[in-house]
Amino acid sequence: MPIAISRASIEPSTSPLREHPLLASLDDQELRELGRLAVRRELKPREPVVVQGEVASSLFLLVDGEVGVERTGPDGVRDEVSRLLAPGHFGESSLLSGEIG
């Protein structure tokens, strides 16, 4: 399930983000600051994280589980086009460019 970190205080040495490759260069103070800004989300199976056509406003760090990427074709049929396993991340391209996902 996609998980970021809680707004609650975290202990960087035990945080699941300590092991995330994208954050490997952050020191303890930087991880604490990220902990104050980030929101932890635990999702149920098949619960959407983002919806096709919406403008992305977040970077998602997957620290446990997996997510599927689905696209709805012009015929209305949804197909899985990719699967992301932890540790991974997504949303950065749309977040930085402001493009619709």
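This text follows the structure it describes.
Cut-offs and rules
- Residues numbered from 1 in each chain as written.
- Predicted model: local features only at pLDDT ≥ 70, side-chain atom pairs only at ≥ 80, totals over all residues.
- Heavy atoms only, no water.
- Helix = DSSP H or I, 4+ residues; strand = E, 2+ residues; numbered from the N terminus.
- Buried < 20%, exposed > 50% of the residue type's maximum accessible area, 1.4 Å probe, protein only.
- Contact = heavy atoms within 4.5 Å.
- Core = buried A, V, L, I, M, F, W, Y, C linked by side-chain atoms within 4.5 Å.
- Polar contact = N/O pair within 3.5 Å; in protein donor to acceptor, adjacent residues only side chain to side chain.
- Salt bridge = Lys/Arg side-chain N within 4 Å of Asp/Glu carboxyl O.
- Pairing = 2+ DSSP bridges.

J.: Summarise the overall build of the chain; cite the residues concerned and give the values.
T.: Of regular secondary structure, the chain possesses two helices and four strands. Starting at the N terminus and walking to the C terminus, you meet the elements of the chain as α-β-β-β-β-α. Buried positions account for 24% of the 101 residues belonging to the chain. The long-range fraction of contacts in the chain, counting pairs at least 24 apart against all pairs at least 6 apart in sequence, stands at 59%.

J.: Describe the nonpolar core, and please don't skip the residues or the numbers.
T.: Among the nonpolar cores identified, the biggest contains six residues, and these are Leu43, Val49, Phe60, Leu62, Val67 and Phe90. Non-local contacts of phenylalanine 90, meaning those with residues more than four positions away in its chain, are made with Val49, Ser58, Leu59, Phe60, Val67 and Leu84. By size, the runner-up hydrophobic cluster in this structure holds five residues, among which are Leu17, Leu23, Leu31 and Leu61.

J.: Tell me about the environment of aspartate 75, and name the residues and values.
T.: Following the sequence through the fold, aspartate 75 ends up in the loop between β2 (66-72) and β3 (78-85). Here valine 77 takes part through its backbone nitrogen, which lies 3.0 Å from a polar atom of the side chain of aspartate 75.

J.: Can you tell me about the pattern of salt bridges, naming the residues and giving the values?
T.: Under the criterion given, the structure shown has seven salt bridges. For arginine 18, the salt bridge identified is with aspartate 28, shortest N-O distance 2.4 Å. Of this pair, arginine 18 sits in the segment before α1 (28-37) while aspartate 28 sits in helix α1; the two residues are 10 residues apart in sequence, bridging distant segments of the chain. Taking the relative accessible area as the measure of exposure, arginine 18 reaches 22% and is therefore partly exposed. For arginine 83, the salt bridge identified is with glutamate 66, shortest N-O distance 3.2 Å.

J.: Which residues make up the pairing of β3, and what values do they have?
T.: Here seven bridges tie β2 to β3, and the two strands are oriented antiparallel to one another. What sits directly across from arginine 71, in β3, is aspartate 79. Between β2 and the antiparallel strand that follows it, β3, lie five residues; glycine 76 among them carries a positive phi value of about 85 degrees.

J.: Tell me what's going on with the side chain of histidine 20, and back it up with residues and numbers.
T.: Position of histidine 20 relative to the elements: it lies in the segment before α1. Using a relative accessible area of 2% as the deciding quantity, one classes histidine 20 as buried. Looking at histidine 20, its side chain comes within polar contact range of the main-chain oxygen of glycine 88, at 2.8 Å. Beyond its immediate chain neighbours, meaning those up to four positions away, histidine 20 contacts Leu61, Leu62, Val63, Pro87, Gly88 and His89.

Note that every value here comes from positions in space, so none of it alone points to a role or purpose.
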